[in-house]
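# A closer look at the structure
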Amino acid sequence: MNKAKINIIGAGLAGSEAANFLANKGYEVHLYEKRPVAKSPAHHTDLFGELVCSNSLKNKKLDNACGLLKEEIRHLGSLMMEAADKSAVPGGDSLAVDRTVFAEYITSKIKNKKNIIIHYEDVNELKDGYTIIATGPLSDSNILNIIANITGEKSFGFYDASAPIIEKSSIDFSKVFMKSRYNQGDDSYIDCPMNKEEYLNFYNELINAKKADLHSFDTDYFEGCLPIEVIASRGVDTLRYGPLKPKGLEHNGEEFYAVVQLRQDDFAGNLYNLVGFQTNLTYGEQKRVFSLIPGLENAKYYRYGLMHRNSYIYAPKVLDDYLRLKNNKNVFIAGQLSGVEGYVESAATGLLVAYYLDAIIQEKPIKTLSFYSILGALVRYITHTGINNFSPMNANFGIVYKGTKDPKDVVIARALKAIDDFKNQ
Ligand SMILES: Cc1cc2nc3c(=O)[nH]c(=O)nc-3n(C[C@H](O)[C@H](O)[C@H](O)COP(=O)(O)OP(=O)(O)OC[C@H]3O[C@@H](n4cnc5c(N)ncnc54)[C@H](O)[C@@H]3O)c2cc1C
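Residues numbered from 1 in each chain as written. Predicted model: local features only at pLDDT ≥ 70, side-chain atom pairs only at ≥ 80, totals over all residues.

### Some details on helix 8 (residues 283-290)
- What helix 8 keeps buried is the set Glu285, Gln286, Val289 and Phe290. Take helix 8 and look down its axis: the buried residues cluster within an arc of 110°, on one side only.
- At its buried positions, helix 8 is contacted by helix 6 (196-208). (Buried ≥ 20, exposed ≤ 12 C-beta atoms within 10 Å, placed from the backbone. Helix = DSSP H or I, 4+ residues; strand = E, 2+ residues; numbered from the N terminus. Arc of directions from axis to C-beta. Contact = placed C-beta atoms within 7 Å.)

Shown next, in the form of structure tokens:
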């Protein structure tokens, strides 16, 4: 066994990836997790690797940037992808998972590793030695202050919300149908069709509904994941070009004015989440306004949507190419806190940091991951972008070197080769 000791703070998506990789390399890993000792504002369980909102890891196809990123981390030995394969539920082109089975798989994998020592502790001071901080977007002021004290830079934040989950048995199936958009592989989505009158009624109630107090003056949102009521507030038709888009959801020759989709959320198929319905409406208003959707008049809520501040650090200024703090080379930042956005992106940086840390401890010459790959490009982006108005980034071909110039098959092959070369260096 390699005797070097590594601290990882946070057993979320990034922390679990890093712990799994480093434990497999023989390190003594001290994994600190605050749940259940302290509460998290968005997690609902004490499991490691919990998905706090959607049960989708986004598109599966390689010509989609997040699909390619998933394949890249599969090549790198990702625990998240292993868990996703064990917990997949039907989701058309999306890789949807049963969130409980997914997180239970990660938890048991971590707990069964003898060289991972788990500490249930709400960490509020820096540990000695190599440390990966992977406390996520909901990191509290203690963690943010630890980083600020090292870097001299304050962190930033934006608002992100989660969508409600509904019990299937409470849906009126005489008004809905099953179909995946453009018949993608399976008919796994529940579709609630709306005519113009129903849509306008729903829209008007939505934009005037009561929102929960954000306890802050700051309402910066992440454009890639806007609350449904914020999308609606931008114009009467914005929802029909976004989450309520009717295209590809014609049924029995009929076209609809708008369609609300629900995606299977658990293995058993008892729970469905409202796709794109992340929201900050009060619980009472969610029940009232969403009951205007045909089929959901008497819906029973397993979980309501909610909204939270997401914190992230000033990555281009404070992180080096290996996601280390420039002012303390023992401290690495992984996950959403580092300035990436999304489940897969967060897990991916956890895995990459673990590769880098292993090479650093072994005193192996380390090449950074090429930005021909999505993961290399993401890290390159957050560590090198122009430092004014830095905001988080998710997987997309626009940041990949020649990612939008060359044909997709070339971009994909080049990305996976870059990953394999990195792994085998
Ligand atoms: C409300 C909300 C909804 C989101 N919805 C989506 C979505 O639908 N799709 C998507 O792709 N992304 C979504 N995200 C963004 C992001 O992908 C997830 O938050 C993801 O879980 C981030 O992974 P992570 O490993 O960085 O952090 P997390 O998975 O949050 O893990 C951090 C871990 O650290 C622990 N921790 C925190 N502080 C301490 C401490 N001081 N001591 C010890 N342990 C600590 C936490 O309990 C947690 O287990 C959402 C984020 C939020 C906040």
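### Regarding the pairing of strand 2 (residues 28-33)
- Counting buried positions along strand 2 gives five out of six residues, so the element sits mostly inside the fold.
- Here five bridges tie strand 1 (residues 5-9) to strand 2, and the two strands are oriented parallel to one another. Across the sheet, Ile8 pairs through a bridge with Leu31, a residue of strand 2.
- Regarding topology, helix 1 (residues 13-24) serves as the crossover connection from strand 1 to the parallel strand 2, and that connection is right-handed.
- When strand 2 meets strand 6 (residues 116-120), the two strands line up parallel, connected through five bridges. For Leu31, the partnering residue across the bridge sits in strand 6 and is Ile118. (Pairing = 2+ DSSP bridges. Right-handed = clockwise from strand over helix to strand, strands pointing away.)

### Some points on the sheet that holds strand 2
- Strands sit in the order 6-2-1-7-17-16 across an open sheet of six strands; the sheet is mixed. The sheet terminates laterally at strand 6 and strand 16 (324-325), the two strands that pair on one side only.
- As defined by bridge partners, strand 7 (residues 130-133) adjoins strand 17 (residues 328-333) across three bridges and the pair is classed as parallel. Within the sheet, the bridge partner assigned to Thr131 lies in strand 17 and is Val331.
- The strands that helix 10 (residues 343-361) touches are strand 1, strand 7 and strand 17; relative to strand 7, the one it contacts most, it runs at about 170°. (Axes fitted to C-alpha atoms, helices over the stretch in contact; angles between N-to-C directions.)

### Regarding the domain arrangement of the chain
- You can read the domains of the chain as domain 1 (5-157 + 311-423) and domain 2 (165-305).
- When each unit is reduced to the centre of its C-alpha atoms, the spacing between domain 1 and domain 2 is 30 Å.
- With 18 residues of domain 1 in contact, the opposing surface of domain 2 contributes 17 residues.
- No other element matches helix 4 (residues 99-111), which puts three residues into the side of domain 1 that touches domain 2.
- Among the residues making up the side of domain 1 that touches domain 2, the classes are represented as six nonpolar, eight polar and four charged. (Domains from an automatic or database assignment. Nonpolar A, V, L, I, M, F, W, Y, C, P; charged D, E, K, R; others polar.)

### What about the site of the ligand?
- Near the ligand there are 37 residues, and of these Gly10, Gly12, Cys53, Gly136 and Gly335 occur at the shortest range.
- Contributing elements (two or more residues each) for the shell around the ligand: helix 1, strand 2, strand 8 (156-161), strand 15 (307-312) and helix 10.
- With three residues, helix 1 is the single largest residue contributor to the shell around the ligand.
- The residue makeup of the shell around the ligand, split by class, is 16 nonpolar, 16 polar and five charged. (Near = placed C-beta within 6 Å.)

### Some points on unusual backbone geometry
- Omega for the peptide link from Arg35 to Pro36 comes to 5°, which places this bond in the cis form.
- Along the chain, Pro36 turns up in the loop between strand 2 and strand 3 (56-59).
- A positive phi angle, near 60°, is found at Leu323, a position not held by glycine.
- If you trace the backbone, Leu323 turns up in the loop between helix 9 (315-318) and strand 16.

### With respect to the packing of helix 3 (residues 79-87) against helix 4
- Close contact between helix 3 and helix 4 brings their axes to 8 Å; oriented N to C, the two are set at 130°. As summarised for this structure, helix 3 and helix 4 are arranged oblique, according to the angle between their axes. In the packing of helix 3 onto helix 4, the handedness of the crossing is right-handed. Side by side, helix 3 and helix 4 meet where Leu79, Ala83, Ala84, Lys86 and Ser87 of the first sit next to Val101, Phe102, Tyr105, Ile106 and Lys109 of the second.
- Classifying every residue of the contact of helix 3 with helix 4 gives seven nonpolar, one polar and two charged. (Parallel < 35°, antiparallel > 145°, perpendicular 65-115°, else oblique. Left-handed = near helix turned anticlockwise from the far one by under 90°.)

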